[in-house]
Amino acid sequence: MSKAPRCSNRVGGIGKSAIHEMTRLSKEVKDVAFLSWAKPTSDTPEHIKEAAIAAIRDGRVGGYSETSGLPALREEIARKLKRDNNVDANPAQILVTVGAIEGLAAAIMAVVDPGDEVILPTPTYSTHIRQVVIASGVPVLVPTIEQEGFVLDIAAIRQAITPRTKAIVYCSPSNPTGTVFSEQQLRELADIALEHNLTVITDEAYEHFVYDGHNHFSIASIPDMRRHAVSCYTFTKTYAMTGWRIGYLHADEHWIPQITKAHIPFAICAPTVSQYAALAALQGDQDCVAAFRQHYQTARDLMCARLDRLNSVFDYQKPGGSYLMFPRILLDAGKDSAAFCKRLLAEARVSTTPGVAFGPTGEQHLRLSFCVTEEEIDKAFDRMEAFAG
Ligand SMILES: Cc1ncc(COP(=O)(O)O)c(C=O)c1O
C-alpha cells in the first residue's frame with residue numbers, strides 16, 4: 001500500500017475544534033438543552049428573504065459580482081459606517097466578504113508574514129488564533145483581566161510587543177466573554193499600534209448587541225488609525241443571516257487592493273444573492289435589530305439570574321454585549337473544562353462549550369450562549385441545578 005500523502009504542517013498541526021466536537025457529541029444526546037452555539041436561532045427577517053427571492057426571479061444572481069462587491073451595497077455600507085460607527089468611509093474602502101470570517105482571513109493573510117507575531121487578547125474566538133496559524137504567523141496570547149470583566153490588560157499588551165510584532169487582532173463585543181472594550185481602552189490600544197506601526201484587525205460581529213449603556217466603539221473612527229485599522233463586520237448576527245455568508249471589511253485605500261489579492265483566491269466574490277439580501281437589510285426598517293437586541297438582553301438577564309442560584313458552581317462577569325458569557329467553574333472538576341462539559345452533556349443533557357477552546361486562559365470556564373429562547377435557558381438550568389444537587 002502506498003504511504004498516506006502528507007498534509008501541510010500548518011494545517012496538520014491544528015487541533016480539532018472543541019466547538020465542533022461538542023456539536024457532534026450533542027447530536028448523539030436526545031432532547032439536549034443547547035447553549036453551545038453562537039448562532040442566532042431566529043430566522044432571517046421576511047423583507048430580507050423577499051429581496052433575495054426577487055433578485056433570483058429577476059435573473060440578477062447567476063453571475064459573479066465585482067470582486068469587491070456590488071457598488072450599490074458598498075455605497076450603503078459606507079453610509080452605515082458613517083451612521084453607526086462614526087467611520088468616514090467611501091465605497092473604495094470597502095470589500096464585501098463571505099461573512100466576517102473570510103474578511104478576517106483575507107486581512108490576516110495580507111498583513112502577516114511567516115514568523116510575524118500577532119497579539120490576541122484572550123480568551124478570544126478560537127478561529128482568530130487559527131487564522132494566524134494558517135498564515136504561518138505566531139499567535140501571542142495576552143490574557144485579559146477577568147476580575148474587572150475581562151477588560152484589556154494594556155500594560156501586558158505593551159510588554160508583549162517585540163520587533164516581530166505585526167498586528168493586534170481583537171473582537172469586541174467579545175466572543176466568548178461578552179465584554180465590550182471601552183473607548184478609553186481602545187484609544188490606548190490605538191496609541192500602542194501607532195507607536196509601533198502595527199495594524200489592528202477588528203472583529204465587530206456583535207456591534208449592535210450592547211446593553212446597560214455600553215457603547216460599541218470602532219477603532220477606525222480615530223482619524224490617525226485610518227491607515228492602521230482593518231475592521232471586519234457581518235450581517236450574520238445583526239440580521240440573523242448566518243447561512244447567507246455575507247459580511248464586509250473596511251480599510252484605508254492602500255490596504256484594499258492588497259487584501260483583495262487574498263480575497264480572490266479564496267472567494268472570488270461574496271455570494272451575489274446574499275449581497276442583494278444584505279442591501280435590503282441595510283435599506284430596510286431596522287426594527288428587527290432592536291427586537292433581537294431586546295430579546296438577547298432579556299435572555300442575558302434570565303441567564304444571570306439562574307447563574308446566581310448556582311453560585312457554588314459558577315462565578316461570572318455580567319456580559320455587556322454579544323450573546324455569550326464565560327462563567328468560571330468553581331468546582332475542582334472544572335480544571336479540565338473539556339471533561340467537565342462532556343460530563344454536563346452526558347449526565348445533565350446540557351450542551352455548552354469548554355473554555356479551553358478559547359485559549360489557555362479559558363481553562364476552568366465554559367461558554368454559554370443566550371441567543372436561545374427563555375424556555376431553553378430554563379430547561380438547561382433546571383437540569384444543571386439537578387446535576388449540581
Ligand atoms: C466573533 C465572531 N466573529 C465572526 C463570526 C462568524 O461570522 P460570519 O458568519 O460573518 O463569518 C462569529 C460566529 O460565531 C463570531 O462569534
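All of the points below concern the structure found in this document. (Residues numbered from 1 in each chain as written. Predicted model: local features only at pLDDT ≥ 70, side-chain atom pairs only at ≥ 80, totals over all residues. Heavy atoms only, no water.)

### Quick look at the environment of R383
Here is step 1 of the chain: Mapped onto the fold, R383 is located in helix α13 (residues 374-388).
Here is step 2 of the chain: By relative accessible area, R383 is classed as buried at 15%.
Here is step 3 of the chain: Separated by 146 residues in the primary sequence, R383 and K237 have C-alpha atoms spaced 28 Å apart.
Here is step 4 of the chain: The contacts of R383, once residues within four sequence positions are left out, are D31, V32, A33, A348, R349 and V350. (Helix = DSSP H or I, 4+ residues; strand = E, 2+ residues; numbered from the N terminus. Buried < 20%, exposed > 50% of the residue type's maximum accessible area, 1.4 Å probe, protein only. Contact = heavy atoms within 4.5 Å.)

### Thoughts on helix α4 (residues 71-85)
Here is step 1 of the chain: In this model, α4 (15 residues) spans 20 Å end to end at C-alpha, consistent with the 21 Å of a helix rising 1.5 Å per residue.
Here is step 2 of the chain: Among the residues making up α4, those that are buried are L73, R74, E76, I77, A78, K80, L81 and N85.
Here is step 3 of the chain: In this structure, the buried residues of α4 make contact with β2 (94-97), β7 (229-234), β8 (247-251) and α10 (272-283).
Here is step 4 of the chain: Count one or two residues on from α4 and you reach N86, which has phi positive near 60°. (Expected span 1.5 Å × (residues − 1).)

### Side note on the site of the ligand
Here is step 1 of the chain: The ligand sits among 13 residues. The nearest are A100, D203, Y206, T234 and R245.
Here is step 2 of the chain: Contact between the ligand and A100: an oxygen atom at 2.7 Å from a main-chain N or O atom of the residue.
Here is step 3 of the chain: Side-chain polar atom of R245 to an oxygen atom of the ligand: 2.7 Å apart, as the coordinates give it.
Here is step 4 of the chain: The fraction of the free accessible surface of the ligand (400 Å²) that becomes covered by protein chains is 93%.
Here is step 5 of the chain: Residue contributions to the shell around the ligand peak at three residues, all from helix α5 (residues 99-111). (Near = heavy atom within 4 Å. Polar contact = N/O pair within 3.5 Å; in protein donor to acceptor, adjacent residues only side chain to side chain. Areas by Shrake-Rupley, 256 points an atom, 1.4 Å probe, with all protein chains shown as cover.)

### Digging into the sheet that holds strand β5 (residues 165-171)
Here is step 1 of the chain: With respect to topology, seven strands assemble into an open sheet ordered β2-β8-β7-β6-β5-β3-β4, the strand pairing being mixed. A strand with exactly one partner marks an edge of an open sheet, and here the two such strands are β2 and β4 (138-143). In this sheet, adjacent strand axes meet at a mean angle of 20° when their direction is disregarded.
Here is step 2 of the chain: Taken together, the five bridges between β7 and β8 define a ladder with antiparallel strand orientation. Its bridge partner lying in β8, Y233 is registered against Y248. (Pairing = 2+ DSSP bridges. Axes fitted to C-alpha atoms, helices over the stretch in contact; angles between N-to-C directions.)

### Digging into the sheet that holds strand β10 (residues 324-325)
Here is step 1 of the chain: Taken together, three strands build an open sheet; the order of strands is β10-β14-β13 and the sheet is antiparallel. The outermost strands of the open sheet, each flanked by one partner alone, are β10 and β13 (353-354).
Here is step 2 of the chain: With two bridges connecting them, β10 and strand β14 (residues 366-369) associate as antiparallel partners. When the bridges of β14 are listed, L324 appears paired with S369.

### Observations concerning the packing of α4 against α10
Here is step 1 of the chain: It is at 10 Å that the axes of α4 and α10 come closest, and there the two elements cross at 35°. Of the two possible hands of crossing, α4 and α10 adopt the one that is left-handed. On the side of α4, the interface is formed by A72, L73, E76, I77 and K80, while α10 contributes Q275, A278, L279, L282 and Q283.
Here is step 2 of the chain: Residues that form the contact of α4 with α10 fall into these classes: six nonpolar, two polar and two charged. (Left-handed = near helix turned anticlockwise from the far one by under 90°. Nonpolar A, V, L, I, M, F, W, Y, C, P; charged D, E, K, R; others polar.)

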